[in-house]
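Summary of the model geometry
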Amino acid sequence: MQVPARQNLIPYKCAVLLMCLIAPAIQAQEVVAQYGQEDFEAALANGLFDEAETMAKARLDAAIRDGQGQQLATVELINDLADVQRLSGNYDTAIQNYELSIEIVESKADMLDISLAEPLLGLGKAYLESGRANLAMDYLNRALHVRSVNDGPHSIDQAETLEVQADAYRGIDKPKRAAEIADRLYLLYERKYSADGVELVPVLLKQGHIFGDLGNWRVQRNTYRKAMEIVERAEGERSANMIRPLVGMGNSHMREYFDRRQKARDEYDLPDEKLLTEARNYFDAAYQFLSFHDFFLLKKGI
């Protein structure tokens, strides 16, 4: 089944919309599960994108032929197809299918239906990942609005949209706006979990990247230190989750050195070589952690 091609999209849309009108009222998750969701997700998780795309097309085709083209179920299946196409780098095809999902929801519900959140986020990701961050912003803003209206302004369900939005602002060279989004994301996680929860670590790493974009080296390193402290308390000092903040610390020192060197007006304004020494120390520590964990993974046969 060749769903994505634009020339085949109109008859395909008609078939989907027709099935939306005549299909029995069945819960979306039941329809999705009926057509092999677990197998699809396993293929996706293992990076078997060609296999996952074939499965996604077959699942969608089977659902339509069986008269199970109910709105939410159809949208979820189309989203699955678009997701794997995006992950495969087939951005334009994925964009067409996200747009199809949005068209179906808007024809059967309203402009704020929660079913719009996923395809809108998918569109934002597709544009961002294909180097068109400026085109991603409107879709991400709308996805966030839909989430806020349906789930509330403090819902953790909007976290993924905020993460992508922060990356999009970095992509259009607006690091201050990205920092504001990252701060909001941090508050959401802190509200949901605890101030020392390991769930905060990915958010702290994202904040660290943004502070680097802003040239706030001291704040950036304090952020990475906080991430390491949380990991050490929760998982021990030899946790593999220490590697990324250690690399971040090394990059921070190295970037500060070259940034200050580039801006130096004369030899007296050059940065201290200790910055490079610190960078090497952190990179060495990260390498030792990586070697340590690679050894045990190999020993276990993983």
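These figures come from a predicted structure and were not determined experimentally.

**A few points about the overall build of the chain**
Across its full length, the chain holds 14 helices and zero strands. The burial tally for the chain puts 45% of its 302 residues in the buried class. Contacts spanning at least 24 positions in sequence make up 63% of the contacts within the chain whose residues lie at least 6 apart. In the form shown here, the chain has an accessible surface area of approximately 16,000 Å², with 50% of it arising from carbon and sulfur atoms.

**Remarks on a negative patch on the surface**
A cluster of acidic residues, Glu 38, Asp 39, Glu 41 and Glu 51, forms a negative patch at the surface. Among the elements that make up the negative patch, the one with the highest residue count is helix H3 (residues 37-45) (three residues). With respect to the helices and strands, the residue Glu 38 is situated in helix H3. Relative accessible area serves as the criterion here: at 70%, Glu 38 is assigned to the exposed category.

**Some points on a nonpolar patch on the surface**
A cluster of nonpolar side chains, contributed by Met 111, Leu 112 and Val 149, occupies part of the molecular surface with about 260 Å² of accessible area. When you line up the elements, Leu 112 lands in the loop between helix H6 (91-108) and helix H7 (117-129). Judged by its relative accessible area of 35%, Leu 112 falls in the partly exposed class.

**Focus: the pattern of salt bridges**
Counted by the stated rule, this structure contains 17 salt bridges. In this structure, the salt-bridge partner of Glu 53 is Lys 57, at a minimum N-O distance of 3.3 Å. With a gap of four residues between them, Glu 53 and Lys 57 both fall in helix H4 (residues 49-65), about one helical turn apart. For the pair Glu 53 and Lys 57, a shared accessibility class is recorded, and that class is buried. In this structure, a network of salt bridges that share partners links the residues Glu 118, Arg 147 and Asp 151.

**Brief notes about unusual backbone geometry**
A positive phi angle, near 60°, is found at Asp 173, a position not held by glycine. Mapped onto the elements of the fold, Asp 173 is located in the loop between helix H9 (159-171) and helix H10 (175-192).

**Some remarks on the packing of helix H8 (residues 133-151) against H9**
Packed helices, taken two at a time, are described by their axes: the angle between them and the distance between them. It is the contact of H8 with H9, at a shortest axis distance of 9 Å, that shows an interaxial angle of 155°. One finds that H8 runs roughly antiparallel with respect to H9. Crossing hand, H8 versus H9: left-handed. Of the residues in H9, those touching H8 at Ala 133, Met 137, Leu 140, Asn 141, Ala 143 and Leu 144 are Thr 161, Leu 162, Val 164, Gln 165, Ala 168, Tyr 169 and Gly 171.

**Points about the environment of Arg 238**
When you line up the elements, Arg 238 lands in the loop between helix H12 (217-235) and helix H13 (243-263). Along the chain, Arg 238 and Phe 292 lie 54 residues apart, while their C-alpha atoms are 8.6 Å from each other.

**Regarding the side chain of Glu 256**
Here Glu 256 shows up in helix H13. The class of Glu 256 is buried, set by a relative accessible area of 11%. Contacts of Glu 256, omitting those with residues within four sequence positions, involve Trp 217, Arg 221 and Leu 275.

**Brief notes about the side chain of Gln 207**
For Gln 207, the position within the fold is in helix H11 (residues 201-214). In this view, Gln 207 contacts Ala 182, Asp 183, Tyr 186 and Thr 223; residues no more than four positions away in its chain are not counted.

**Details of H13**
The end-to-end C-alpha distance of H13 is 30 Å, a good match for the 30 Å that 21 residues give at a rise of 1.5 Å each. Restricting attention to buried positions, one finds in H13 the residues Ile 243, Pro 245, Leu 246, Gly 248, Met 249, Gly 250, Ser 252, His 253, Glu 256 and Tyr 257.

Rules used in this analysis
Residues numbered from 1 in each chain as written. Predicted model: local features only at pLDDT ≥ 70, side-chain atom pairs only at ≥ 80, totals over all residues. Heavy atoms only, no water. Helix = DSSP H or I, 4+ residues; strand = E, 2+ residues; numbered from the N terminus. Buried < 20%, exposed > 50% of the residue type's maximum accessible area, 1.4 Å probe, protein only. Contact = heavy atoms within 4.5 Å. Areas by Shrake-Rupley, 256 points an atom, 1.4 Å probe, with all protein chains shown as cover. Patch = residues over 30% accessible without salt bridge, like charges linked within 9 Å, V, L, I, M, F, W, Y side chains within 5 Å. Salt bridge = Lys/Arg side-chain N within 4 Å of Asp/Glu carboxyl O. Lys, Arg positive; Asp, Glu negative; His and termini not counted. Charge placed at Lys NZ, Arg CZ, Asp CG, Glu CD. Axes fitted to C-alpha atoms, helices over the stretch in contact; angles between N-to-C directions. Parallel < 35°, antiparallel > 145°, perpendicular 65-115°, else oblique. Left-handed = near helix turned anticlockwise from the far one by under 90°. Expected span 1.5 Å × (residues − 1).

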